[in-house]
Amino acid sequence: MSVQAWTFVMVGLSFALYIGVAIWSRASSTGEFYIAGAGVPSVVNGMATAADWMSAASFISMAGLVAFMGRDGSVYLMGWTGGYVLLALLLAPYLRKFGKYTVPDFVGDRYYSRTARIVAVICAIFVSFTYVAGQMRGVGIVFSRFLNVDITLGVLIGMGIVFFYAVLGGMKGITYTQVAQYCVLIFAYLVPAFFISLLMTGNIIPQIGFGGVLADGSGEFLLDKLNGLSQELGFDAYTDGRKATIDVFFITAALMVGTAGLPHVIVRFYTVPRVSAARSSAGWALFFIAILYTSAPAVAAFARTNLLNTVSDTKYTEVPSWFKKWETTGLIKFDDKNGDGSIQYRGQHSDTENELTIDRDIIVLANPEIAKLPNWVVGLVAAGGLAAALSTAAGLLLVISTSIAHDLLKRELVQEISEKGELIAARIAAGVAVCIAGYFGINPPGFVGQVVAFAFGLAAASFFPAIIMGIFWKRMNNIGAISGMIVGITFTAGYIIFFKFIRPDLNMPTHWLLGISPEGIGTLGMVINFLVSIPVSLATPAPPAEVQELVDNIRIPQDEGPSHELSV
Amino acid sequence: MIKKNKNRAYWKKNLQYLFTLLAVWFVVSYGCAILFVNYLDKIKIGGFRLGFWFAQQGSIYVFVVLIFIYVYLMNRLDKRYSEATKEEDE
């Protein structure tokens, strides 16, 4: 069978699986719709969280990002995993003990303030929408690249699938579908990784082959070979860093803390039955994420070596077939500037002009073909990319619909709404959110890609300190928390908007505050948040006794109330 | 009143675990993989420079292990706590 036919088969089978799972696990109450009735075992929840967390960007772009950044790629590798330690130790167990549905619930109750709740709701909706638009776009791209379907049609198909199981199944349907999606995506990621590792180093485990010797009989270490090749062609050595240490430090911290503050990740820990399950489920989530995140840098190094080896200084007429194929999609561009008919791929330190432009997504997308794998593996990679995009989109849509139906309608606008009415409202909100997300997927505003990256910085500078202090410092009061959030988010957003939108020409290390790029500024915003909220809180009255009791209560594991339905 | 002391002891123990584990978390990710990365890169294990390995592999393994250590410690603490409070109720 052709690649095209295999892709249709793989994608079709995986979609049928998701729909089957969704019908089997549809929700019948608001408790099931919002948090799956708080009855999800921790391994299952961990797997679902991993699928929720790993987006189209993790699946398609991350290995490529690392391949082109070398050691500096660690900011993403560590930044998007280290946050789970903060979640498991500092947030998840206490929020589970608190036992309501959402982050705005916690912020509103702990800081006894409607303003704080509404600000939190707006932040959650804003972050989720920018994120989900990117996922819908990812669905469209996978469809168009693998199946030659128009991007618009691809997005519409993706919308249809997500609509079906998010609106019908709520959190319960989403959780079990995400488990299926995790299995599809990790299988699709590891099969080519195993093959390429075996091919290049003779060791099937990529994490070990990464540090092994090449299988070509030279006895040379893969990474030494890669460093040598890179420098020969005028690139920096692969294992050296280029970014300033302070910038790497701040970006990593902003991503870690931001991860721990993202509403669609936090809400997952409300779905488990007990406090102890919230802790272990964070552990399982990171375990399942780590399988992909430790394979990605290995894949990056293999693919980079392959690329430099096979493409550079090759006659254009003799390039491998995958090169020509991906050239038609525009992901590889060759411009024979010196007219000698061969490809000069050169870095910034070389005297020769570079003639090749490569899109980072090619590292994962073309990997099966570069490693000469059978056609069904290519189809599998397409299904994996779709699984990653759909699972993340569904999780985000649920946060949006919960925020609207629960946080805004039930808690603020129509408090007397019945359970049934609330469930209908949640479903309508999810449906409308799918349509809006689809619209932005088809007509992406230019700023989506940029905003997604900065959502982390904004979450780090606003939510994270408020929640942490809410749990660990009883004296923190509403005025302190609100002023901290406002100053933190204003500073961070201002810095980002200035360098990205007002004066992008100044966006370079010499103009940055302390040498910190806009990607890393959220960390400084978080520090400022703490520096403002603590003195302000000390200068104003202590929180009322019942709030202090609430804090005492969430710190202790007992009397946790196993079922959410009872407490609604 | 005694229960209150138990609660306080539980919380203190929890904070102790937190500080220890987060210190390891910080040293591995921000220390080994960022601040002292060039220093550690002078050491080579197999094909890996040590700093590079921490930055792209080792730190992630340590994160996973840290969470499961915390899970283990807290489950043990929870058990002791519930036994202690049960005795008191009797």
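Since the model is a prediction, treat every value here as computed from it, not as a measurement. (Residues numbered from 1 in each chain as written. Chains lettered and ligands numbered in written order. Predicted model: local features only at pLDDT ≥ 70, side-chain atom pairs only at ≥ 80, totals over all residues.)

**Focus on the nonpolar core**
Counting residues in each nonpolar core, the largest one holds 207 residues, and the members touching the most others are Leu185 and Leu397 of chain A together with Ile67 of chain B. Two domains share this core, each providing at least three of its residues, namely domain 1 (3-242 + 268-307 + 369-446) and domain 2 (312-367) of chain A. With residues up to four places along the chain from it excluded, the contact list for Ile67 of chain B reads Tyr84, Val85, Ala88, Ala282, Gly283 and Leu286 of chain A. (Core = buried A, V, L, I, M, F, W, Y, C linked by C-beta atoms within 7 Å. Buried ≥ 20, exposed ≤ 12 C-beta atoms within 10 Å, placed from the backbone. Domains from an automatic or database assignment. Contact = placed C-beta atoms within 7 Å.)

**Focus: the interface of chain A and chain B**
In this assembly, 39 residues from chain A lie in contact with 34 residues from chain B. For the side of chain A that touches chain B, the secondary-structure elements that each account for two or more residues are helix H5 (74-98), helix H10 (222-232), helix H11 (245-261) and helix H13 (275-311) of chain A. A per-class count over the side of chain A that touches chain B returns 20 nonpolar, 15 polar and four charged. (Helix = DSSP H or I, 4+ residues; strand = E, 2+ residues; numbered from the N terminus. Nonpolar A, V, L, I, M, F, W, Y, C, P; charged D, E, K, R; others polar.)

**A short note on the confidence of the model for chain A**
Residue and element names in this part refer to chain A. Summing up the model confidence of chain A, the mean pLDDT is 80 and the portion of residues at 70 or higher is 92%. Taking the mean pLDDT of every element in chain A, the minimum, 36, falls on helix H24 (residues 564-567) and the maximum, 90, on helix H22 (residues 521-539). Residue range residues 560-568 is modelled with pLDDT below 50. Its contacts to residues more than four positions away, or to other chains, number 19 contacts. (pLDDT = per-residue confidence, 0-100.)

**Things to note about the environment of Lys6 of chain B**
Residue and element names in this part refer to chain B. In this structure, Lys6 sits in helix H1 (residues 2-35). Here Lys6 falls in the partly exposed class, since 16 other C-beta atoms lie within 10 Å of it. As for Lys6 and Phe26, which are separated by 20 residues in sequence, their C-alpha atoms are 30 Å apart. Excluding its chain neighbours within four sequence positions, the residues that come into contact with Lys6 are Tyr81, Ala84 and Thr85.

**Some details on the domain arrangement of chain A**
Residue and element names in this part refer to chain A. Annotation of chain A at the domain level lists domain 1 (3-242 + 268-307 + 369-446) and domain 2 (312-367). Taking only C-alpha atoms into account, the centre of domain 1 sits 31 Å from that of domain 2. If you look at the interface, domain 1 gives 21 residues, while domain 2 gives 17 residues. At eight residues, the largest contribution of residues to the side of domain 1 that touches domain 2 is made by helix H4 (residues 56-69). The residue makeup of the side of domain 1 that touches domain 2, split by class, is 16 nonpolar, three polar and two charged.

**Notes on the environment of Gly46 of chain A**
Residues and elements named next belong to chain A. Within the secondary structure, Gly46 sits in helix H3 (residues 42-53). C-alpha separation for the pair Gly46 and Ser342, spaced 296 residues apart in sequence, amounts to 49 Å. Setting aside residues up to four positions removed in sequence, Gly46 forms contacts with Ser281, Trp284, Ala285, Phe287 and Phe288.

**Digging into the packing of helix H20 (residues 463-472) of chain A against helix H21 (residues 478-502) of chain A**
Residue and element names in this part refer to chain A. Packing of H20 against H21 leaves a shortest axis separation of 9 Å and a crossing angle of 160°. One element, H20, and the other, H21, form an angle in the roughly antiparallel class. Viewed along their axes, H20 and H21 form a crossing whose handedness is right-handed. Of the residues in H21, those in contact with Pro465, Ala466 and Met469 of H20 are Ala481, Gly484, Met485 and Gly488. (Axes fitted to C-alpha atoms, helices over the stretch in contact; angles between N-to-C directions. Parallel < 35°, antiparallel > 145°, perpendicular 65-115°, else oblique. Left-handed = near helix turned anticlockwise from the far one by under 90°.)

**Thoughts on the environment of Phe464 of chain A**
Residue and element names in this part refer to chain A. Along the chain, the position of Phe464 falls in helix H20. Along the sequence, Phe464 and Ala260 sit 204 residues apart, while their C-alpha atoms lie 7.2 Å from each other. Apart from residues lying up to four places away in sequence, Phe464 is in contact with Val257, Ala260, Gly261, Ala459 and Met526.

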